[in-house]
Structures are given as C-alpha cells and as structure tokens.
Amino acid sequence: MIAGPAVTNGARTPDPTAAAAIVRDHFGAPLPPIALILGSGMSGLELDDPRSVRYSDLPGWPRVSVAGHAGELVHGLLAGVPVLSLRGRAHMYEGHRPADVVAPLRVLHAVGVRVLIATNAAGSLDPLLPPGHLMLIADHMNLMARSPLAGPVAGSESRWPDLKDCYDPELRKIIREAAREEGIALREGVYAGVLGPSYETPAEVRMLRVLGAQAVGMSTVPEAITARALGMRVAGISCITNRASGAGAGPLAHDEVIEVGGALTPTLTRLLARALPHI
Ligand code: HPA
C-alpha cells in the first residue's frame, strides 16, 4: 500500500497510486504476489479464469506500440497459482522515458507484487544456443546507456540497489528443476540489454560475445533493475528467437522474432506451470 503521494521526484516518475487503485478495484483483493511480463510474440500465454484491464485504462501506464505486444494486464491462474500477467511491455526504443518504461513495476509493487518473472525475445550470440530454445537469465549487462533509476529516488526505493544476485538464485534453482522435470532444454546465461531498435551489426555481435553475453535483447534490464530497487525477487527467461544479426543465414526481421516467440510460448507455459507452485 502506498500512503499519500508516492512521487518524490517531480515529473520524472509517474505516480503509481491511481493505477494501483484501479487494479485493486478491478480485480479485488487479494492480488497475487507474482507477476509475469510476456515478451514479443508471447502474449498467447493463456491463464485460467482470466480477467483483464487494458493498459490504456491505467493512468501512467505506458502505451505499447510494437507488433506482437498486446496491451493488457491479466489476472488469472497458471497451474492453479494466481498471477498477474503483463501482455506486452513498453520499450525505451519506442521513445518512452526510462521512468515510464518501468512505471508498471511501481504499480505492481504498490498492489503487492513481490516476485517478477520477466520473459523476452532475444537473439543468440552463442553458436550452441540455437533459436527455439529458452535461456534462463543468470545475469545481465546494461548496455542501454541509461538507468531507470537516474533522478531523485522514487518512493521507498533503494538509491543504490546491489545487483549481485539480481536474478534470484533460489528462483533460478526452481526454474532449472522445473525444466529438468519437464524435459525442457534450458541454458543459463548472460543477457545483454541494448537500446535498439536496430538489430546489431556483426562487429557489435563480436563485441557482445567478447564481453561474455550469450543473448541480446532490447528489454528486461530496466525492469529487473527497478524491481530490485523495489525489493522484489526477479527471474528472467529469454526465448531465443533468432541468431543475432550477422550470425544467422539471412537478414533478421521482427516478424521472425514474433513467430518463433509464439512457437516457444507452449514450452514457456509448461516451464512456468511446473515452476510456479514452488515459488
Ligand atoms: N537483437 C536484439 N534484440 C532482439 C533480438 C536480437 O537479435 N532478437 C529479439 N530481440
């Protein structure tokens, strides 16, 4: 619960209070402590007993303009576990300010979410990680040249969140075990978050490999940083939709990313359904 005005940094951070009140009114209490963010092409992840509210009905919630990203917050059950599912996200490359991209995190925290599972579509930098596979994010590199936390501190957030265990070791263990039980091949690796929207040059792909990243994408990093500043536990799963540009056979297209992301959604659903009851 946020008591009184939550904004302590002027115009920078949208106040989550109004959107949180609408979410509470719409879905009723208690609200689930777990939220999923669904990446490109993954909005098809179905929940049981779904109820939804459109992002456009939530003040301060950024609009999503990218094909493959629906724009609604869904309340429902996955394997009997209540979750809030974000069908689509905003990206900085759409022109959103960093603080606006992460505004949903502050609303989720205000309604009681304490575990974030962020999924994304990503390009593979590793020859041994082909498209059509899932990668559990062990760590990230923020190569977006900006932080969602820059500016005065919002609410009760940490000024200097420690990101050593940004991707929660216990959650990762649960997800690894779930993958084993489901017979799902799950690599673990480092996600490089870049601003985009252009795909990488071959030189950038070589650079990212040298830096030690296995996958590259244009999301998740701002959300994970903000979630940690809010004290949430975070897990991240990349759906490898393509080989990073220059490493694949032909030119890369967003449609391909959406298509492979969609094809991986049933596997992602099985993985989460197996893991969620243990979280
Ligand atoms: N690069 C960056 N972002 C991405 C990619 C990629 O190859 N695939 C999906 N999102």
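These figures come from a predicted structure and were not determined experimentally.

### Some details on the layout of surface pockets
Taken as a whole, the largest pocket encloses approximately 290 Å³ of empty space. In this structure, the largest pocket is lined by 21 residues; those nearest its centre are Ser40, Ala121, Tyr199, Met218 and Val257. Secondary structure elements with two or more residues in the lining of the largest pocket: strand 5 (115-124), strand 8 (215-217) and helix 7 (254-275). Here the lining of the largest pocket gets four residues from one element, more than from any other, and that element is strand 5. The residue makeup of the lining of the largest pocket, split by class, is nine nonpolar, 10 polar and two charged.

### Describing the pairing of strand 6 (residues 134-143)
Pairing geometry for strand 6 and strand 7 (residues 186-194), over nine bridges, is parallel. Across the sheet, the residue bridging to leucine 136 is glutamate 188, located in strand 7. When strand 6 meets strand 9 (residues 233-243), the two strands line up antiparallel, connected through three bridges. Opposite leucine 136, over in strand 9, you have isoleucine 237 as the bridge partner.

### Notes on the state of the cysteines
This structure, assessed with the given rule, holds zero disulfides. Free cysteine cysteine 166: the closest other cysteine sulfur is in cysteine 239, separated by 18 Å. With a relative accessible area of 0%, cysteine 239 lands in the buried category.

### Quick word on the nonpolar core
Counting residues in hydrophobic clusters, the biggest one holds 44 residues, and the most contacted among them are Val23, Leu73, Leu84, Leu108, Leu116 and Met232. Broken down by secondary-structure element, the contributors of at least two residues to this core are helix 1 (17-27), strand 1 (34-38), strand 4 (81-87), helix 3 (103-110), strand 5, strand 6, helix 6 (221-229) and strand 9. The next biggest cluster of nonpolar side chains, apart from the first, holds 31 residues, and it includes Leu78, Ile175, Ala178 and Val257.

### Section: the pattern of salt bridges
One side chain can pair with another of opposite charge once the charged atoms of both are near each other. Overall, the coordinates contain 13 salt bridges when judged by the stated rule. The salt bridge partner of glutamate 182 is arginine 270, with a shortest N-O separation of 3.0 Å. Placement of the pair is glutamate 182 in helix 4 (residues 169-182) and arginine 270 in helix 7, with a sequence separation of 88 residues. By relative accessible area, arginine 270 is classed as partly exposed at 38%. Look at the salt bridges and you will find they share partners, linking Glu181, Glu182, Arg270 and Arg274 into a network.

### Structural notes on the packing of helix 4 against helix 7
Contact geometry of helix 4 with helix 7 gives a least axis separation of 8 Å together with a crossing angle of 115 degrees. Relative to helix 7, the crossing made by helix 4 is right-handed. Packed against helix 4, whose contacting residues are Ile174, Ile175, Ala178, Ala179, Glu181 and Glu182, the element helix 7 presents Arg270, Leu271, Arg274 and Ala275 at the interface.

### Side note on the site of the ligand
Residues in contact with the ligand amount to 13 residues; listed here are only the nearest, Ala121, Gly123, Glu200, Gly217 and Asn242. In this structure, alanine 121 approaches the ligand through a main-chain N or O atom, which is 3.3 Å from a nitrogen atom. Between glutamate 200 and the ligand, the recorded distance is 2.8 Å, taken from a side-chain N or O atom to a nitrogen atom. Bound to the protein, the ligand loses 95% of the 250 Å² it would expose on its own. Comparing atom positions with the cavity grids shows the ligand to sit within the largest pocket. Those elements that provide at least two residues to the shell around the ligand are strand 5, strand 8 and strand 9. In terms of residue count, the dominant contributor to the shell around the ligand is strand 5 (three residues). Per-class residue counts for the shell around the ligand are eight nonpolar, four polar and one charged.

So, how was this worked out
- Numbers given for residues are sequential positions, taken from 1 along each chain in its written order.
- Under the rules for a predicted model, residues below a pLDDT of 70 receive no local features and side-chain atom pairs below 80 are neither given nor counted, while totals for whole chains, interfaces and linings still include all residues.
- The side-chain values count all of the structure's non-hydrogen atoms but skip hydrogen atoms and water molecules.
- Only protein atoms enter the 1 Å grid used here. Points where a 1.4 Å probe fits but cannot escape make up a cavity, open sets with protein on both sides within 12 Å along at least five of seven lines make up a pocket, and a residue lines them when an atom lies within 4 Å of a point.
- Grid points are joined across faces, edges and corners, and a volume is the space filled by probe spheres set on the points.
- By the criteria applied, helices consist of DSSP H or I runs no shorter than four residues and strands consist of E runs no shorter than two, each listed in order from the N terminus.
- Three classes are used: nonpolar for Ala, Val, Leu, Ile, Met, Phe, Trp, Tyr, Cys and Pro, charged for Asp, Glu, Lys and Arg, and polar for all others, with Gly counted as polar.
- Think of it this way: DSSP has to see at least two bridges between two strands before they count as a pair.
- Disulfides are defined in this document as cysteine sulfur pairs within 2.5 Å.
- Only protein chains enter the accessibility calculation, which uses a 1.4 Å probe; a residue whose area is less than 20% of its type maximum is buried, one above 50% is exposed, and one in between is partly exposed.
- Within this scheme, the nonpolar core is defined by two criteria: the residues are buried Ala, Val, Leu, Ile, Met, Phe, Trp, Tyr or Cys, and they are joined through side-chain atoms within 4.5 Å.
- When a carboxyl oxygen of Asp or Glu is within 4 Å of a side-chain nitrogen of Lys or Arg, the pair counts as a salt bridge.
- Helix axes use the C-alpha atoms of the stretch in contact, all axes being lines fitted to C-alpha atoms, and the angles between their N-to-C directions lie in the range 0 to 180 degrees.
- Working rule for handedness: look at the near helix, and if it is turned counterclockwise from the far one by less than a right angle, call the crossing left-handed; if clockwise, right-handed.
- The criterion used for residue contact is that any of the two residues' heavy atoms lie within 4.5 Å.
- It suffices for a single heavy atom of a residue to lie within 4 Å of a molecule or strand for the residue to be listed as near it.
- Distance and chemistry together define a polar contact, namely a pair of N or O atoms within 3.5 Å, with one atom able to donate a hydrogen and the other to accept it when in protein, and with adjacent residues in sequence counting only for side-chain atoms on both sides.
- The method behind every accessible area is Shrake-Rupley, applied with a 1.4 Å probe, and residues are considered shielded solely by the protein chains displayed.
- In this description, a molecule resides in a pocket or cavity if more than half of its atoms sit within 2 Å of the grid points defining it.

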